Amino acid sequence: MRHSVAIVAALVAACGRLDFGARGAHDGSIPAGDGAVDRPDALGDAADECLPGYLLCDGFEKATLAPWWTPSTAGVALDATVAHRGTQSLHLHVEDVPANEGANAIVTETTTFLAASTTIYVRAFARMSAIPDDNLGLIETDQTTGMPDGDGVFATSSGLTVFSQFSEASMDTGFTPTDGAWTCLVWTVVRATDATGSLALDGDATASLTNVQTDGDPPIDEMELGIQLAGPTDTVLQPAIDVWIDDVIVASSPLTCAD
């Protein structure tokens, strides 16, 4: 999502304003891997980790980034020094980002959207070097064409927040991740092109946003993981920040931190 919006709070107002894009030139500086694994069920910390019902799983243990991930131009690497489980994780990095400028260090996948599904289930572990000063998108599911709009999990200075850009509605979790510690994120998007959809975050942080639009025409068709800072609504200097992602699962049925 690449244009700014004002957020209409739902049930509990989120602090600040969020955005899905307006990506600027201040990308990170870590080179990306080139990808060499040929099927989703070969991913994970073991070859058999992708169980039936899992559409994608990745423990980022391979020598290079899997080919279904499309990395941003910079700021993306596999890291053998930090891992939630196994020996590696996905490392995202951006340098200082001035106020009102955007930046991103992300990986994007569209593979799991090829089969129509009314609900999207994602489990990921995330670790941040610091609590962001601005609104940082960690997980986003959005349109690649059209407006575009979408849904996301944001890390803000006051904690994690879920957000529907279609309805301009948000919900705070009341949970602030600990610097340098892993946080389990279980993200569920019940897709609807009217106000019958819902968003939920479970795991270490919980929030539920109901009776909102979560999809559109064209439908959401990509998922992004990493660091996204949007210029129009990120209004303070964001110091350099690192995010690590590990043990990602996208599934056709509900997930937990233990999966």
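Rules used in this analysis
- Residues numbered from 1 in each chain as written.
- Predicted model: local features only at pLDDT ≥ 70, side-chain atom pairs only at ≥ 80, totals over all residues.
- Heavy atoms only, no water.
- Disulfide = S-S within 2.5 Å.
- Buried < 20%, exposed > 50% of the residue type's maximum accessible area, 1.4 Å probe, protein only.
- Salt bridge = Lys/Arg side-chain N within 4 Å of Asp/Glu carboxyl O.
- Helix = DSSP H or I, 4+ residues; strand = E, 2+ residues; numbered from the N terminus.
- Pairing = 2+ DSSP bridges.
- Phe/Tyr/Trp six-rings, centres within 6.5 Å; stacked < 30°, edge-to-face > 60°.
- 1 Å grid on protein atoms, 1.4 Å probe; cavity = no way out; pocket = protein on both sides within 12 Å on 5 of 7 lines; lining within 4 Å.
- Points joined across faces, edges and corners; volume = space filled by probe spheres on them.

Participant: Could you clarify how one ought to interpret the state of the cysteines in this entry?
Facilitator: Simply put, disulfide is the name for a covalent bond between the sulfur atoms of two cysteines. Under the counting rule described, the total for this entry stands at 2 disulfides. Covalently, C50 is tied to C57 through a disulfide, its sulfur atoms 1.9 Å apart. On the basis of relative accessibility, which here comes to 1%, the residue C57 falls in the buried class.

Participant: Honestly, the pattern of salt bridges in this entry has me stumped. Any pointers?
Facilitator: Opposite charge on two side chains makes pairing possible when the charged atoms of those side chains draw close. Scanning all chains against the criterion turns up 2 salt bridges. D247 is paired through a salt bridge with R85; the nearest N and O atoms lie 3.4 Å apart. Residue D247 is found in strand β16 (residues 241-251), and its partner R85 is found in the loop between β4 (76-79) and β5 (89-94); the two are separated by 162 residues along the sequence. Residue D247 is classed as buried on the basis of its relative accessible area of 1%. A relative accessible area of 35% places R85 in the partly exposed class. Residues R191 and D215 are paired through a salt bridge, measuring 2.8 Å at the closest nitrogen-oxygen approach. Taken together, the residues R191 in the loop between β12 (182-190) and β13 (197-203) and D215 in the loop between β14 (207-212) and β15 (222-229) connect sequence positions 24 residues apart.

Participant: Is there a simple way to think about the pairing of β16 in this case?
Facilitator: Both faces of the sheet carry side chains from a regular strand, because those side chains alternate between them. Across the 11 residues of β16, 11 count as buried, placing the element largely inside the fold. Here strand β2 (residues 54-58) runs beside β16; their pairing, made up of 4 bridges, is antiparallel. What sits directly across from Y54, in β16, is A251. Two strands pair when backbone bridges link them, and β5 and β16 are joined in this way by 5 bridges, in the antiparallel orientation. Bridge pairing in β16 links H91 to W244. In the sheet, strand β7 (residues 119-128) pairs with β16 via 7 bridges, with the strands oriented antiparallel. Considered in β16, the bridge of Y121 is made with A251.

Participant: I'm lost on unusual backbone geometry in this one. Help?
Facilitator: Excluding glycine, residues mostly carry a negative phi; peptide bonds, for their part, are mostly trans. In the segment running from D217 into P218, the intervening peptide bond is cis, with an omega of 10°. You can see P218 is positioned in the loop between β14 and β15. In this structure, F60 is a non-glycine residue whose phi angle is positive, near 55°. You can see F60 is positioned in the loop between β2 and β3 (70-71). Unusually for a residue other than glycine, E168 sits at a positive phi of about 50°. Relative to the elements of secondary structure, E168 occurs in the loop between β10 (159-164) and β11 (169-172).

Participant: I would appreciate a short explanation of the packing of aromatic side chains in the present structure.
Facilitator: In the structure shown here, the tally under the stated rule is 2 aromatic pairs. Ring centres 6.1 Å apart and planes at 70° place the aromatic pair F154 and F163 in the edge-to-face group.

Participant: Explain empty space enclosed by the protein here, please?
Facilitator: In this approach the atoms are scanned with a rolling probe the size of a water molecule, which exposes any empty space left behind. All told, the structure shown has 2 cavities of 30 Å³ or more when counted by the stated rule. The volume enclosed by the largest cavity comes to roughly 70 Å³. L55, T112, S117, T119 and I120 are the residues nearest the centre of the largest cavity, which is lined by 11 residues in total. Going through the elements one at a time, β7 and β16 are the ones with two or more residues in the lining of the largest cavity. Ranked by residue count, the leading element in the lining of the largest cavity is β7, at 3 residues.

Participant: What is the right way to look at the pairing of β10 in this model?
Facilitator: The buried fraction of β10 amounts to 6 of the 6 residues, a majority that puts the element mostly inside the structure. As judged from the 6 bridges shared by strand β9 (residues 150-156) and β10, these two strands associate in the antiparallel manner. Looking at the pairing, A155 lines up with L160 of β10. Between β9 and β10, which pair antiparallel in sequence order, lie 2 residues.

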